[in-house]
Amino acid sequence: MLRSNFLSYWTGRDIEKRVYKLNKKLRLSYLDRLCSILESGIWMNVVEERLTIRFDDKNKIHFKMNIPMVCFTELRLSQSRNHYTKYGLLGFVVDREFIITRHGGPVFYVQSDADESIARNLFGMLPWLQKQFDQKIDGAEDTLNNIHVSLSYVKSMSSPGKKDLANLNENEWRIAHTFNRQAEGYIVETGLTRPKYKIPIEPSDLKMLVLPDARFRDLITQDDRVEKLFNNKFPPMLTIKEIGEI
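Strand order in the open sheet made by the three strands is β2-β12-β11, with antiparallel pairing throughout. Of all strands in the sheet, those with a lone pairing partner are β2 (42-43) and β11 (188-189), marking the two edges. Pairing of β2 with strand β12 (residues 197-199), which is carried by two bridges, proceeds in the antiparallel orientation. Bridge assignment links W43 to a residue of β12, and that residue is K198.

Next comes the structure, spelled out in structure tokens:
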């Protein structure tokens, strides 16, 4: 498969995920989201994804991601319908270097709640490390944190309780929080409980914006905040409908 150099971050599922439901109020909410991200950065969420690793009938590890992260997709825009209808109608398109510079990368898809070797070996170290941490062994906290960062790039390849391989189709990449990237300014601490961290993104980082619809594009071109942010140098802006025609 020929890989695209562009990856996209989608947002707005808390606003509206269906284009035909959009109205002026919802479009203005999307406009506020656009300005907020360009002014202060992309939220790094602690995802609710869980993995269950089964060692035998009695022993399992239930692992919940607890590292702040941002998720992108490598899907071509013309193939993104299932993605944006799940995550929101506003897409920020960046190049691969944007993610790699922030020490991001593709996720490692594994089986969940199954008798297999990859995840079982990866996660098998956690109980022992947690025990060292609980006993306040020197170096245990740093080691446990390092392992959690690595494991934050692991994702179940199927929907919970199924073997449908549905998640493979998301072609997901992630940027997880690390303190060295924070020290270099690629990640900023907000001083808030949620989100605790954001990833700054400049208008010049954008290779394209994908917009909910044409009316939203009109709002952008008429908004003083957006004009100031972009200094009238807008990236290519296509609507959800238009990327489906690429």
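Still to come is the rest of the account.
A few words now on the pairing of strand β3 (residues 50-54). Where β3 lies against strand β4 (residues 60-64), five bridges are found, and the strand directions are antiparallel. Across the sheet, the residue bridging to T52 is H62, located in β4. With antiparallel pairing between neighbouring strands as the criterion, β3 and β4 make up a hairpin whose turn holds five residues.

Axes are the key here: two packed helices are described by the angle between their axes and the distance separating the axes. For the pair helix α1 (residues 24-40) and helix α8 (residues 214-222), the least separation of the axes is 10 Å and the interaxial angle reads 55 degrees. As far as their axial angle goes, α8 and α1 are oblique. Between α1 and α8 lies a crossing whose hand is right-handed. For the pair α1 and α8, contact is made by R27, L28, Y30, L31 and L34 and by R215, F216, L219 and I220, respectively.

Moving on: the pattern of salt bridges. Scanning the model with the defined rule gives 13 salt bridges in all. The salt bridge involving K86 is made with E170; its shortest N-O contact spans 3.1 Å. Separated by 84 residues along the polypeptide, K86 in helix α2 (residues 81-87) and E170 in the loop between β9 (154-156) and β10 (172-176) bring together distant segments of the chain. For K86, a relative accessible area of 37% corresponds to the partly exposed category. The salt bridge partner of E184 is R181, with a shortest N-O separation of 2.6 Å. R181 gets classed as buried once you look at its relative accessible area, which sits at 8%. Residues joined in a network through salt bridges with shared partners are K86, K155, E170, E172 and R174.

Another aspect to go through is the layout of surface pockets. By volume, the second largest pocket is sized at about 280 Å³. When residues in the lining of the second largest pocket are grouped by element, the largest group, four residues, is from helix α6 (residues 140-151). The class makeup of the residues in the lining of the second largest pocket is five nonpolar, five polar and two charged.

Now for the nonpolar core. Within the largest apolar cluster, 44 residues are counted, with the highest numbers of intra-cluster contacts made by L34, F72 and F92. The element contributing the most residues to this core is α1, with seven residues. F72 has contacts with L7, S8, Y9, V94, F98, I99, N171, E172, W173 and I175, leaving out every residue within four places of it along the chain. Residues L51, L126, L129 and I147 belong to the second largest nonpolar core, which totals 16 residues.

This part takes up the environment of S4. Tracing the backbone shows S4 in the segment before β1 (6-11). A C-alpha to C-alpha distance of 26 Å links S4 and V19, two positions 15 residues apart in sequence. Apart from residues no more than four positions distant in its own chain, S4 is found in contact with E74, R76 and R96.

A cis amide bond links R194 to the next residue, P195, at an omega of -5 degrees. By the secondary structure assignment, P195 is in the loop between β11 and β12.

All right, on to α6 then. Helix length check: α6, at 12 residues, gives a terminal C-alpha distance of 16 Å against a target of 16 Å (1.5 Å per residue), a fit within 8%. The complete set of buried residues in α6 reads A140, L144, I147, H148 and L151. Buried residues along α6 cover an arc of 100 degrees about the axis, so they all sit on one side. In α6, the exposed residues that point more than 90 degrees away from the buried face are D142 and N146. Those residues of α6 that are buried lie in contact with β4, α4 (118-123), α5 (126-134) and β9.

The next point concerns the side chain of N167. Structurally, the position occupied by N167 is in the loop between β9 and β10. Given a relative accessible area of 12%, N167 falls into the buried group. Setting aside residues no more than four positions away along its own chain, N167 makes contact with Y109, K155, S156, M157, S158 and S159.

What counts, and where the lines are drawn
- Residues numbered from 1 in each chain as written.
- Predicted model: local features only at pLDDT ≥ 70, side-chain atom pairs only at ≥ 80, totals over all residues.
- Heavy atoms only, no water.
- Pairing = 2+ DSSP bridges.
- Helix = DSSP H or I, 4+ residues; strand = E, 2+ residues; numbered from the N terminus.
- Axes fitted to C-alpha atoms, helices over the stretch in contact; angles between N-to-C directions.
- Parallel < 35°, antiparallel > 145°, perpendicular 65-115°, else oblique.
- Left-handed = near helix turned anticlockwise from the far one by under 90°.
- Contact = heavy atoms within 4.5 Å.
- Salt bridge = Lys/Arg side-chain N within 4 Å of Asp/Glu carboxyl O.
- Buried < 20%, exposed > 50% of the residue type's maximum accessible area, 1.4 Å probe, protein only.
- 1 Å grid on protein atoms, 1.4 Å probe; cavity = no way out; pocket = protein on both sides within 12 Å on 5 of 7 lines; lining within 4 Å.
- Points joined across faces, edges and corners; volume = space filled by probe spheres on them.
- Nonpolar A, V, L, I, M, F, W, Y, C, P; charged D, E, K, R; others polar.
- Core = buried A, V, L, I, M, F, W, Y, C linked by side-chain atoms within 4.5 Å.
- Expected span 1.5 Å × (residues − 1).
- Arc of directions from axis to C-beta.

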